[in-house]
Each structure stands twice: as C-alpha cells, then as structure tokens.
Amino acid sequence: MNERLKITSEQPHHSKDVHWDKDHTKIYQFHKCKISMSTFDLVNLVIEILKSASDSTTDPEACRLVNTARNVLDMFVNTASDYHMKALTSVPQIAAVFFNNCHYICHRLMTLPVDIMQSMLKISKISQENCSFTDMFTELRTLGAKTLETHIIHSRRSISSTIGEVDIFVNLRDDKQHKHCIKILQSCILQIQQISNVWVEVL
C-alpha cells in the first residue's frame, strides 16, 4: 500500500503496461491520481488470466481461468480493507489511495479489451455477466466509499477528542481561556489541513 503509482504518461522508467489506456479517447481514460503498485500488478494479473481464458481451446479450461480471475477480485474485496484496517483508519494518504485502488480496478474491468470480451463470449459456458464483471462494480465502489467514510469518521472523532467535552467558547473574555480556545482551534485546523493537503495530492 505504501508504494504508489501516479497514472500519467510522463513516466518513461515504467514499463509500457503503465500506459495501458493512452490510446483510449480521453473520456475512457482513468483520471490522474495515485494508486498502489500492488493494485496495478493485481489488475494486470487479472487481465493476463482473462487473456489466457480467451485463448483457451476448451470450455472447461476457459471457465476455470475466468473463475480464477473472479476469485482474485473477490479476495481483494473481502480481505484488503480488513487486512489494512489500522492504516486505512489512521493514515489519510493510505485511505485515499485505497479509494483510488477500488475505482481503478473497476475502471479497468469496464474497459476490458473488446477482443478479450468477444473471445470469452464465444465460450458457451460463460455468461456475459461473468465476462464483464458488472456485478463487481458496485461492490468495488462501495468498498472504496466506505473505507474513505470510515477514515473521515475516525478523523472527526480525533478532532472531537482534541476539543474535549468542555465548552471552549465559554468565558472567552478571560485571557487564559481565550488563548486556550485559540490553541485548540488551531490544532483542529491543522489536522484538517493535513488531511486536505494529502487528499489533494492523492485523489
């Protein structure tokens, strides 16, 4: 999760696979953001599995490969957020990257090469839904949204803890209380700015 890849066309040191959507019209290109390298590799693995399925000579072999690709994605949906829960709730950068990861996977599935889709649809035992993975779009988007929402809730609790239970706006005419109030508010603003600065860069 700590290694991130900025999806741009200005990184010559990466392999050509980084520029997988450079030939797509702009409307079909994934927006520039940061994702984890592990997610980038995972999606490429899924695509390779599906390519192998489309090149298979027998229906059973192709079905097994398609199911393998689905199992890889199911594993991500069911385990990734739990495995990284501590980091996702406490580190704004990782929460934002995970949000991007979910949408990146969804986007790559939506833009599967046409030749792969057509080849797999010719296999009698594979349904169009299994080929297109449309049933997973909502799961991936919901997972990303919930993860980001969980981090926001955690951050809100942290700010509430900083403010404390005492009403800091009482008796502000007292210099000591006024300075205490200003100090707490500045601390809260700093926390919000830190999250904002990270998310602007990552999202």
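Rules used in this analysis
Residues numbered from 1 in each chain as written. Predicted model: local features only at pLDDT ≥ 70, side-chain atom pairs only at ≥ 80, totals over all residues. Heavy atoms only, no water. Salt bridge = Lys/Arg side-chain N within 4 Å of Asp/Glu carboxyl O. Helix = DSSP H or I, 4+ residues; strand = E, 2+ residues; numbered from the N terminus. Buried < 20%, exposed > 50% of the residue type's maximum accessible area, 1.4 Å probe, protein only. Phe/Tyr/Trp six-rings, centres within 6.5 Å; stacked < 30°, edge-to-face > 60°. Contact = heavy atoms within 4.5 Å. Axes fitted to C-alpha atoms, helices over the stretch in contact; angles between N-to-C directions. Parallel < 35°, antiparallel > 145°, perpendicular 65-115°, else oblique. Left-handed = near helix turned anticlockwise from the far one by under 90°. Nonpolar A, V, L, I, M, F, W, Y, C, P; charged D, E, K, R; others polar.

Looking at an unreviewed UniProt entry, one finds the chain named Centromere/kinetochore protein zw10 C-terminal domain-containing protein and attributed to Meloidogyne incognita.

**Student:** Please clarify how the pattern of salt bridges should be interpreted in this entry.
**Tutor:** Note on pairing: side chains with opposite charge can pair once their charged atoms come close. Considering all chains together, one arrives at 3 salt bridges under this definition. K34 is the partner of E201 in a salt bridge, and the nearest nitrogen-oxygen pair spans 2.8 Å. Here K34 lies in strand β2 (residues 34-36) and E201 lies in helix α8 (residues 175-202), a separation of 167 residues in the sequence. In this structure, E48 and K51 form a salt bridge, with 3.8 Å as the shortest nitrogen-oxygen distance. Here K51 and E48 lie together in helix α1 (residues 37-54), a separation of 3 residues that amounts to about one turn. Classification of E48 as partly exposed rests on a relative accessible area of 44%.

**Student:** Is there a simple way to explain the packing of aromatic side chains in this structure?
**Tutor:** Any two aromatic rings considered together are summarised by their centre-to-centre distance and by the angle between their planes. Taken as a whole, this structure holds 3 aromatic pairs when the rule is applied. Seen in terms of ring centroids, F30 and Y104 are 5.4 Å apart; in terms of plane orientation they differ by 65°. Their pairing is edge-to-face. A residue pair is termed long-range when its members are at least 10 positions apart, and F30 in the loop between β1 (4-6) and β2 and Y104 in helix α4 (residues 92-110) qualify at 74 residues. Summarising the burial analysis for this pair, F30 and Y104 share the class buried. Geometrically, the ring pair formed by F76 and F98 is stacked, given 5.7 Å between the ring centres and 15° between the ring planes. With a gap of 22 residues between them, F76 in helix α2 (residues 59-83) and F98 in helix α4 connect regions that are remote in the sequence.

**Student:** Looking at this model, I keep getting lost on the side chain of S81. Mind explaining?
**Tutor:** Assignment of secondary structure puts S81 in helix α2. Excluding its chain neighbours within four sequence positions, the residues that come into contact with S81 are L88, F98, L143 and T147.

**Student:** I tried to follow the packing of helix α7 (residues 134-163) against α8 on my own but got confused; where do I start?
**Tutor:** When two helices pack together, their arrangement is given by the angle between the helix axes and by the axis-to-axis distance. Running from amino to carboxyl end, α7 crosses α8 at an angle of 160°, the nearest separation of the two axes being 9 Å. By the angle between their axes, α7 is roughly antiparallel relative to α8. Judged by the sense of rotation from one axis to the other, the crossing of α7 with α8 is right-handed. Of α8, the residues touching α7 (which contributes L148, H151, I152, S155, S158, I159, T162 and I163) are I184, S187, C188, Q191, I192, I195 and W199. Across the contact of α7 with α8, the residue classes tally to 9 nonpolar, 6 polar and no charged.

**Student:** Before we go on, may I ask you to explain unusual backbone geometry in this structure?
**Tutor:** What is expected of a backbone is that most residues other than glycine have negative phi and most peptide bonds are trans. For N171, which is not glycine, the phi dihedral falls at a positive 60°. Looking at the secondary structure, you find N171 in the loop between α7 and α8.

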